[in-house]
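# Overview (structure and organization)
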Amino acid sequence: MESRATIIMEEDELLEWEEEDEGDWEDWVVHNSSEEYVCLFCPSSFASTTLLFDHCSLQHAFDFQRLREDHSLGFYDCIRLINFIRSQVACNRCWACGSVMDSGEALLEHVKSKNHVAIILRRTSNASKESLRSVDEEHDSGVGCPWQDDKYLTPFLENDPLLYSFEENSDDDDDASEEKVIPQDVTPLLEKTELKSLLLAASCGADAEGLVISATDKLNALTIDDLHTTDLSASRGQNNGHSHKLDANHDSDTSLINEYNGSAMAKKHSNKLKVSFAKVAARERYSINQSYFGSYSTFGIHREMLSDRIRTDAYQNAIMRNPSLLKDAVVMDLGCGTGILSLFAAKAGAQKVIAVDGSKRMSVVAQHVAKSNGFLNENNGEENREKGAVISVVEGMIEELDFENLNLCGRNSVDVLVSEWMGYCLLFESMLNSVLFARDRWLKPGGAILPDKAEMYVAGFGVGGTSLPFWESVYGFDMTSIGKQVLEDAASSLIVDVVESKDIVTNSCLLQTFDLVTMADSDVDFTASFELSLLASLVMEAGQDSVVCYGLVVWFDTQFSSRFCQENPVVLSTSPHTPKTHWSQTLLTLQEPVCLAISTTPVQHSMTSGKVGTAASPAIALKGRISIARSSRHRSIDISLEMVAVAQSGSTHEWPVQMFDM
């Protein structure tokens, strides 16, 4: 009997699970993705975190990403900080000095004029606390950072999308070329006339970039003695204990710095308007990754994969019928989904199973499924493993996870790396690269990879692999003209469909072999030659001299070879000659159908003046090259097909290169 936590719903259903016995079960409801991100300081809302943080930086002098980087704020620190600021702004209270204003506008004016935006994070270090003692004493806030209280882990705004999206923008601020705003702590150093002049000129726009560089060089040239002999306390005007009163010189310098800050931030914004291909690519990768992992967050696709008995049985047999491989092994399941492969490994006797998935939702599902079956190690305790609770589920992309810090495993210490990484045409979705990354970082020398080999094949298909037979008679009416148009359209796009064995008209040709133990990341892209000829059996069965080939079909086999699965090697095939799988096959429709004949056909067919590959001059072979490479669009692939038809006489006909993308 399948537990409630493993119930699979259809993809188009409204997903809402309630777990009666588990208080921490998430309330899953599918919502529209058109989220708006509300500013931390004002009512403005934005369509992306990039626009939001640009606004905060320019309008409120709050550079979230730079502060996060400069102060090494972790994920939970950022959540606390965001909720703390929202809570203070909601009651018009300054987070730095505790003053309560009459309105939100008054609060913004206050923090801007007092430069209190930056103070909140400077208070994270002892040195900063000392330098800001005046502010602490003014509102008697005491020592410490109130925003670091764990109560601020609770969202202040209900369903605040910023709390789980602020990292989306974190890669946008890595440019070393962007100027850092000079903090007020260096104000006394600006008494050096040359530095003050440089910054003043820069703020006025006179060759700002060059002057800023010059000013920076001057600051860097200051000696340690210069820094120690500068009385920062005096520069803050701490006279007679009235630490909040600043002298006129300090006010002047502060104005100068604020003016410079404004010009620097404006320049930063200007820089961001320039096209940066690296940033565009990073954002596209992020967006595609979100879409990719999101597509695997729905249950329909998991039902389809679990229902694919060819697929699931192959993995089950490889894992559970090779006891010497799995007994007491440390196993990593990459892209665990529902956790089915992890369950197989746990049942086969693994001492530890690290289940990894990039989808937050599926990570939660895998946890509950493992727990329902008594295999979840909730706190990574040794005593739990002794009782059979060996599965630890980790959410995240493998390239970004550190299992050492999670106390799960050390570098190159995993015994078995298992993953169902194959996509359409084997390489679509580009998960193979993640498997190779995990192999190099976490798998021990000599460790096993399941599966450890993959092979790609190609063959020609006949009219049965197209939709032409359907259009030839639709309720007794001839719609062949539609079928021909469909065929022309298919020549410019890849088709994923099932081709019957009876519709294969040529021999099969091995295109490429991937050895996951030895291959490099660059080996994922390849070019391979092929040569196809008509199956003699077809001519004998059909009683015809020639058969028309309408395209090429590509499929793959994966092997759990005897290299690791010594007791029971397994082959998982997606061939048209074996039972169908959810991968189907990939069809490359030709620009023109090619008429093929076997080489023993009388030569007169090839001696006619017709174009090679037509009925008047059939080809005896199709020779060509197929190139498959990762696309510039993340997780996609590009395929090119070059092909020549060869007649028995030696005459040839070459077609233009066909390009496909997936």
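Each chain carries its own residue numbering, running from 1 in the direction its sequence is written. Restriction of local features to residues with pLDDT of at least 70 applies here, the model being predicted, together with a cutoff of 80 or more for giving and counting side-chain atom pairs; totals for whole chains, interfaces and linings are based on all residues. Based on all heavy atoms of the structure, the side-chain values leave hydrogens and waters out of the count.

For the purposes of this entry, the term helix denotes a DSSP run of H or I that reaches at least four residues, the term strand denotes a run of E that reaches at least two, and both are numbered from the N terminus. When helices and strands are tallied, the protein chain shows 24 helices and 18 strands. Buried, partly exposed and exposed residues are distinguished by accessible area as a fraction of the type maximum, computed with a 1.4 Å probe on protein chains only: under 20%, between the cut-offs, and over 50%, respectively. Classification of the 662 residues of the protein chain by burial places 49% in the buried group. Contacts in the protein chain between residues at least 24 apart in sequence constitute 68% of all its contacts with a sequence separation of at least 6. Put simply, the protein chain shows about 32,000 Å² of open surface, and 50% of that area lies on carbon and sulfur atoms. Any two residues whose heavy atoms approach within 4.5 Å at even a single point are treated as in contact. Each accessible area is a Shrake-Rupley result for a 1.4 Å probe, and residues are judged covered by the shown protein chains and nothing else.

Taken as a class, soluble globular proteins show a tendency for nonpolar side chains to be buried jointly. In terms of nonpolar packing, the biggest core is built from 108 residues, with Met332, Ile391, Phe403, Leu427, Met456 and Phe530 touching the most fellow members. Not counting residues within four places of it along the chain, the set of residues in contact with methionine 332 comprises Ile354, Val356, Ile398, Phe403, Cys409, Val414, Val416, Leu417, Val418, Ala438 and Trp442. Working definition of a nonpolar core: buried Ala, Val, Leu, Ile, Met, Phe, Trp, Tyr and Cys residues. They are joined through side-chain atoms within 4.5 Å.

Before going further, it helps to examine the side chain of threonine 574. For threonine 574, the location among the structural elements is in the loop between strand S13 (570-573) and strand S14 (585-597). Those residues in contact with threonine 574 that lie beyond four places of it in its chain are Trp555, Phe556, Asp557, Thr581, Trp583, Ser584 and Gln585.

UniProt's feature table lists "domain: C2H2-type" (unreviewed entry) at residues 39-60, given in the numbering used throughout. Within the segment residues 39-60, helix and strand shares are 55% and 9% respectively, and the terminal C-alpha atoms sit 10 Å apart. UniProt positions are given in the numbering used here, feature names are shortened, and annotations may be inferred rather than shown by experiment.

This brings us to the state of the cysteines. Here, a disulfide means two cysteine sulfur atoms that sit within 2.5 Å of each other. Counted by the stated rule, this structure contains zero disulfides. This cysteine, cysteine 56, is not joined by any disulfide, and cysteine 39 carries the nearest cysteine sulfur, 3.9 Å off.

Let's shift gears to the pairing of strand S16 (residues 637-647). In terms of burial, S16 is largely enclosed, as eight of its eleven residues are buried. Note: strand S15 (residues 619-630) against S16, eleven bridges, orientation antiparallel. From the neighbouring strand, arginine 625 faces S16, where its bridge partner is glutamate 642. Pairing geometry for S16 and strand S18 (residues 658-661), over four bridges, is antiparallel. If you follow leucine 641 over to S18, its bridge partner there is glutamine 658. Two strands pair if DSSP finds at least two bridges between them. Pairing of S16 with strand S17 (residues 652-654) involves three bridges; the strand directions are antiparallel. Considered in S17, the bridge of alanine 645 is made with histidine 653. With antiparallel pairing between neighbouring strands as the criterion, S16 and S17 make up a hairpin whose turn holds four residues, including glycine 650 at a positive phi of roughly 100°.

This part covers the environment of glycine 551. On the secondary structure map, glycine 551 appears in strand S12 (residues 546-560). Note on glycine 551: relative accessible area 0%, which makes it buried. In this structure the C-alpha to C-alpha distance between glycine 551 and alanine 491, which are 60 residues apart in sequence, comes to 8.7 Å. Leave out the neighbours within four places in its chain, and glycine 551 touches Ala459, Gly460, Phe461, Leu588, Thr589 and Leu590.

Turning our attention to the sheet that holds strand S7 (residues 443-450). The strand order across the open sheet formed by five strands is S5-S4-S3-S6-S7, and the pairing between neighbours is parallel. The open sheet has two free edges, formed respectively by strand S5 (391-395) and S7, since each of these has just one partner strand. Averaged over all pairs of adjacent strands, the angle between strand axes in this sheet comes to 20°, irrespective of strand direction. As paired elements, strand S4 (residues 352-357) and S5 share five bridges and run parallel to each other. Residue pairing for S5: aspartate 357 is matched across the bridge by glutamate 395. Sitting on the sheet, helix H17 (residues 340-347) touches strand S3 (330-334), S4, S5 and strand S6 (414-419), and the angle it makes with S4 is about 175°. Lines fitted to the C-alpha atoms define the axes, with helices restricted to the stretch that makes contact. Angles between their N-to-C directions range from 0 to 180 degrees.

Attention shifts here to the environment of aspartate 452. Here aspartate 452 shows up in the loop between S7 and strand S8 (453-461). Measuring from C-alpha to C-alpha, the distance between aspartate 452 and valine 517 comes to 6.4 Å, with 65 residues separating the pair along the chain. Every residue in contact with aspartate 452, bar those within four places of it in the chain, is listed here: Phe514, Asp515, Leu516, Val517, Gln559, Phe560, Ser561, Arg563 and Phe564.

Let us now look at the side chain of arginine 439. Assignment of secondary structure puts arginine 439 in helix H20 (residues 432-442). Between N or O atoms, a polar contact is any pair within 3.5 Å; within protein, one atom must be a potential hydrogen donor and the other a potential acceptor, and residues adjacent in sequence are included only when both atoms are from side chains. One polar contact links arginine 439 to aspartate 440, side chain to side chain, over a distance of 2.9 Å. Filtering out sequence-adjacent residues up to four positions away, arginine 439 remains in contact with Asn412, Leu417, Ile449, Leu516, Val517, Thr518 and Met519.

Turning to the pairing of S15, a few remarks are in order. As judged from the seven bridges shared by strand S11 (residues 526-532) and S15, these two strands associate in the antiparallel manner. Note that in S15 the partner of glutamate 531 across the bridge is lysine 623.

All right, on to the environment of glycine 104 then. The residue glycine 104 is located in helix H4 (residues 104-113) in this model. On the basis of relative accessible area, glycine 104 is assigned to the partly exposed category, the value being 29%. In this structure the C-alpha to C-alpha distance between glycine 104 and asparagine 92, which are twelve residues apart in sequence, comes to 5.6 Å.

Patch building starts from residues that exceed 30% relative accessible area and form no salt bridge, then joins like charges within 9 Å and nonpolar side chains (Val, Leu, Ile, Met, Phe, Trp, Tyr) within 5 Å. Salt bridge, as used here: a side-chain nitrogen of Lys or Arg that lies within 4 Å of a carboxyl oxygen of Asp or Glu. Judged by side-chain polarity, Val38, Phe156 and Leu157 come together as a nonpolar surface patch covering roughly 210 Å² of accessible area. Inspection of the secondary structure puts leucine 157 in the loop between helix H7 (133-139) and helix H8 (193-203).

Low pLDDT means the predicted coordinates in that region are not meant to be read closely. As a per-residue measure, pLDDT reflects the predictor's confidence and takes values from 0 up to 100. Overall, the predicted model of the protein chain reaches an average pLDDT of 75, with 67% of residues at or above 70. Confidence drops under pLDDT 50 across residues 1-33; counting only partners more than four residues distant or on other chains, this segment forms 56 contacts. Ignoring residues within four places in sequence, the model shows residues 292-297, a span with pLDDT below 50, making 16 contacts including any to other chains.

Note the cis peptide between leucine 450 and proline 451, where omega equals -10°. Note on placement: proline 451 falls in the loop between S7 and S8. Notably, leucine 426 is not glycine yet its phi reads approximately 70°, a positive angle. Judged by relative accessible area, which is 1%, leucine 426 ranks as buried. For tyrosine 475, which is not glycine, the phi torsion reads 55° and is therefore positive. Its place among the elements puts tyrosine 475 in the loop between helix H21 (468-472) and helix H22 (480-490). The exposure class assigned to tyrosine 475 is exposed, which follows from its relative accessible area of 80%.

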